[in-house]
2 protein chains.
Amino acid sequence: MGETYVHGYHRRENERLEDQAGTLVELLHSDTVYPDGSLVLEVGCGVGAQTVTLARRSPNARFVSVDVSADSVAEARRSATEAGLTNVGFQAADVFALPFTTASFDHVFVCFVLEHVSGPAEALASLDRLLKPGGTITVIEGDHGSAYFHPDSAAAHAAIRSQIALQLEAGGNALIGRQLYPLMIDAGFDVVRVNPRMVYVDSSRPDLVDGFTRKTFTAMIEGVRDSAIAAGLIEPERFDAGVHDLFRTTESDGVFCYTFFKGVGEKMHT
Amino acid sequence: MGETYVHGYHRRENERLEDQAGTLVELLHSDTVYPDGSLVLEVGCGVGAQTVTLARRSPNARFVSVDVSADSVAEARRSATEAGLTNVGFQAADVFALPFTTASFDHVFVCFVLEHVSGPAEALASLDRLLKPGGTITVIEGDHGSAYFHPDSAAAHAAIRSQIALQLEAGGNALIGRQLYPLMIDAGFDVVRVNPRMVYVDSSRPDLVDGFTRKTFTAMIEGVRDSAIAAGLIEPERFDAGVHDLFRTTESDGVFCYTFFKGVGEKMHT
């Protein structure tokens, strides 16, 4: 893809992605099921966090899962093997240079990828070409500008903004979730339906307090501390106060809100 | 209630409230149905925008709908009569001095009220006292800090912040939606469940573009222009640019997001 993956490729990041996938599986993926016999391309499978869920939910579909990182693909392959999956093939490939012929897939699935690429509309248009007429593309992305919480905190918003700015400098867009509809229309899909998937967390939902607020969102912000400070985007004290205030929202009177966006586009043209 | 109602009491405002109620009825109220024979107190009925929906959905429950404004109550009574409702009684009353005896209602319904009162926890505690043990309270509030959109606009956020600041000066809290859970727990309810009701608007949903983004949210922000400027909260040019940018989100590539919060509390104690 050419850009640096803003979250890095460390073991702790892999654990974060697996926590994230575990907590959010139902919310994000429960309505994604592919017909028997269909061939599905998963782009940006990473370490396979979504792959196992996808392939289990559609056991009679076949998946081709690709990621630009060969190390991630190796890890994803191990996860799929451990899960006993036999309907997934993996390969390393760049979303902007996919080694497949035109109209070779029934469906395409893209999750947490477009936020990291410059030219997401071009990436979508190249995926449109790989789809057979009548096929669908499913796109899932977050939007870090959708985060708000109680108690509110200017420092926490500043820490989040530093992550958004860092991702922008790396060629990505951490606010892409809200833009899925116009992006998918621009890319040429004929029918597009976007639905928000809001994560609402208060202390009556301890699994989300731990699995989402603490181990997914706040861990993701914490993970860019050194890069954001080195890039001069925020002062260390301000960043640390912001992370402290994000953790504060996990107390018994705290509330945390975040929204993912899921778009499904249909390709009617040839 | 003692505070000034930040949105005012003009005819245009009443039309805005009716537009709002029409567009959002399903999203906010479809799961509120009261058992036959139950007695329900609606607090802050305003001009009856929600009352007609509530009373129609539960034709064999009886409603007592109150509002601090006698003019609004008169208007609500006219609406209910025009709708042919016979299960609603209206009276003017202050939420902090309700003329009812302890434990006299099976259920209480409060929608778009707490955002306008100082001491929302005290208001909720006084409503808890009016409930019979085993009764429920339903609370619905917006949160203006939940608004985000594409194209993003600093001026639009500044205009929204001026409305939030104005409401705060009037004794209210335009960010109360995210705080419902801790507020309801503080007020003494024994079991509280809060669910967000997110309004997602893109150009594939023209009813919401017109009914929500344009005629509800942006109209509400527009409505505080003179007050916000007079209070020195924002420059006129900045405010107008912000409103322009909110309207910009109603174009074909625009997206607008807003979230209401609906909380249901159960009273188990005596």
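Everything in this summary refers to the structure shown in the same document.

Rules and cut-offs
Residues numbered from 1 in each chain as written. Chains lettered and ligands numbered in written order. Predicted model: local features only at pLDDT ≥ 70, side-chain atom pairs only at ≥ 80, totals over all residues. Heavy atoms only, no water. Phe/Tyr/Trp six-rings, centres within 6.5 Å; stacked < 30°, edge-to-face > 60°. Helix = DSSP H or I, 4+ residues; strand = E, 2+ residues; numbered from the N terminus. Buried < 20%, exposed > 50% of the residue type's maximum accessible area, 1.4 Å probe, protein only. Contact = heavy atoms within 4.5 Å. Buried area = accessible area lost by both parts, 1.4 Å probe. Salt bridge = Lys/Arg side-chain N within 4 Å of Asp/Glu carboxyl O. Polar contact = N/O pair within 3.5 Å; in protein donor to acceptor, adjacent residues only side chain to side chain. Nonpolar A, V, L, I, M, F, W, Y, C, P; charged D, E, K, R; others polar.

1. Digging into the packing of aromatic side chains
Here comes step 1: Summed over the entire model, instances satisfying the criterion amount to 24 aromatic pairs over all chains.
Here comes step 2: Ring plane angle 50° and centroid distance 5.7 Å describe the contact between Phe212 of chain A and Tyr258 of chain A, whose orientation is recorded as tilted. In this pair, Phe212 of chain A is assigned in helix α7 (residues 206-222) and Tyr258 of chain A in strand β8 (residues 255-266), connecting sequence segments 46 residues apart.
Here comes step 3: Since its relative accessible area comes to 1%, Phe212 of chain A is described here as buried.
Here comes step 4: Overall, the relative accessible area of 2% leaves Tyr258 of chain A in the buried class.
Here comes step 5: Between Phe212 of chain B and Phe260 of chain B the ring centres are 6.0 Å apart and the planes differ by 75°, which places this aromatic pair in the edge-to-face class.

2. Some details on helix α4 (residues 120-130) of chain A
Every α-helical turn comprises 3.6 residues, leaving residues that sit three or four positions apart pointing alike.
Here comes step 1: When α4 of chain A is considered as a whole, its buried residues turn out to be Pro120, Ala123, Leu124, Ser126, Leu127, Asp128 and Leu130 of chain A.
Here comes step 2: Next to the buried residues of α4 of chain A lie β1 (39-43), β4 (105-111), β5 (131-141) and α6 (180-186) of chain A.

3. Section: unusual backbone geometry
Trans peptide bonds make up most of the peptide bonds, and negative phi angles are found at most residues other than glycine.
Here comes step 1: Cis rather than trans, the peptide bond between His150 of chain A and Pro151 of chain A has omega equal to -5°.
Here comes step 2: Mapped onto the secondary structure, Pro151 of chain A falls in the loop between β6 (148-150) and α5 (154-169).
Here comes step 3: One non-glycine residue with positive phi stands out, namely Phe112 of chain A, at about 60°.
Here comes step 4: Within the fold, Phe112 of chain A resides in the loop between β4 and α4.
Here comes step 5: Within the chain, Ala103 of chain B stands out as a residue other than glycine whose phi angle is a positive 55°.
Here comes step 6: Along the polypeptide, Ala103 of chain B turns up in the loop between β3 (88-92) and β4 (105-111).

4. Side note on the interface of chain B and chain A
Here comes step 1: In this assembly, 29 residues from chain B lie in contact with 29 residues from chain A.
Here comes step 2: Here chain B and chain A share an interface that buries about 2,300 Å² over both sides, 60% of which is from carbon and sulfur atoms.
Here comes step 3: For chain B, the biggest contributors to the area lost against chain A are Tyr148, Arg178 and Tyr181 of chain B; these three give 28% of the whole.
Here comes step 4: Connecting chain B to chain A are 2 salt bridges.
Here comes step 5: A salt bridge links Arg178 of chain B to Asp152 of chain A, with the shortest nitrogen-to-oxygen separation between them at 3.8 Å.
Here comes step 6: Counting every contact that joins chain B to chain A gives 4 residue pairs in polar contact (both at pLDDT 80 or more).
Here comes step 7: At the level of elements, β6 (148-150), α6 (180-186), β7 (191-202) and β8 (255-266) of chain B are the ones that each hand at least two residues to the side of chain B that touches chain A.
Here comes step 8: The greatest single-element share of the side of chain B that touches chain A, amounting to 8 residues, is contributed by β7 of chain B.
Here comes step 9: Taken together, the residues that form the side of chain B that touches chain A break down as 13 nonpolar, 9 polar and 7 charged.

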